[in-house]
Amino acid sequence: MPDFFSVLAPPWFWLCLGFVLLALELASTSAFFLCVSSAAFLLAGLTFAVPGLPWLWTFSLFALLLISASWVWWRFLYRRSGDARGNLLNARDRRIIGTVAVLSEDSSGLSGR
């Protein structure tokens, strides 16, 4: 029985893996598979440009690309979640903290103007 890696050329392997992972991303919506598929697509382009790259190098490059893509996605989400914490559109009680106002009438109990 022939070895799987000797039958399939590296560029086509990474391209097929990228499409399979992209299909998983469509089903999962977590964006993690988007990072993995982008790393696979980048590696497919690299193996098309540099034919004859050993499998050990391609797997090592895939690991490095995956870590890099995951880090970029994490930074993007971290920056985006920081904007969400500052959004006070539906939190009227937190919007007025720290503001200075002038009372037009005396407050009585829990209500005032």
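Cut-offs and rules
Residue positions are given per chain, counting from 1 as you read along its sequence in written order. In view of the model being predicted, local features appear only for residues whose pLDDT reaches at least 70, and side-chain atom pairs are presented and counted only at 80 or more, with totals across whole chains, interfaces and linings using the full set of residues. Only hydrogens and water are set aside; all other atoms, that is, all heavy atoms of the structure, feed into the side-chain values. Working definition of a nonpolar core: buried Ala, Val, Leu, Ile, Met, Phe, Trp, Tyr and Cys residues. They are joined through side-chain atoms within 4.5 Å. Each residue is assigned to one of three classes by its accessible area relative to the maximum for its type, calculated with a 1.4 Å probe on protein chains only: buried under 20%, partly exposed between the two thresholds, exposed over 50%. Helical segments are the DSSP runs of H or I of at least four residues, strand segments are the runs of E of at least two, and each set is numbered from the N terminus. Throughout, a contact is declared for two residues whenever any of their heavy atoms are within 4.5 Å. By convention, a stacked pair of Phe, Tyr or Trp rings (six-membered ring in the case of Trp) has centres within 6.5 Å and planes under 30 degrees apart, an edge-to-face pair has planes over 60 apart, and any other such pair is tilted.

Caption draft 1: Fine view of the nonpolar core. Counting residues in each nonpolar core, the largest one holds 10 residues, listed as Phe13, Trp14, Leu21, Val36, Ala39, Ala40, Leu43, Ala44, Trp55 and Phe62. Within the residue set of this core, elements represented by two or more residues are α2 (10–28), α3 (32–49) and α4 (55–85). Take this core: its biggest share by element is 5 residues, from α3. Apart from residues no more than four positions distant in its own chain, Ala40 is found in contact with Trp14, Leu17, Gly18 and Phe62.

Caption draft 2: A look at the environment of Ala63. On the secondary structure map, Ala63 appears in helix α4. Sequence-wise, Ala63 and Ala39 are 24 residues apart; in three dimensions their C-alpha atoms are separated by 8.4 Å.

Caption draft 3: Broad picture of the packing of aromatic side chains. Across all of its chains, the model carries 10 aromatic pairs by this definition. For the pair Trp12 and Phe48, a centre-to-centre distance of 5.2 Å together with 90° between the ring planes defines the contact as edge-to-face. Residue Trp12 is located in helix α2, and its partner Phe48 is located in helix α3; the two are separated by 36 residues in the primary sequence. Residue classification places Trp12 among the partly exposed positions, given a relative accessible area of 47%. Measuring from centroid to centroid gives 5.4 Å for Trp14 and Phe59, while their planes differ by 70°, and the two rings are edge-to-face. Taken as a pair, Trp14 in helix α2 and Phe59 in helix α4 lie far apart in primary sequence, 45 residues in all.

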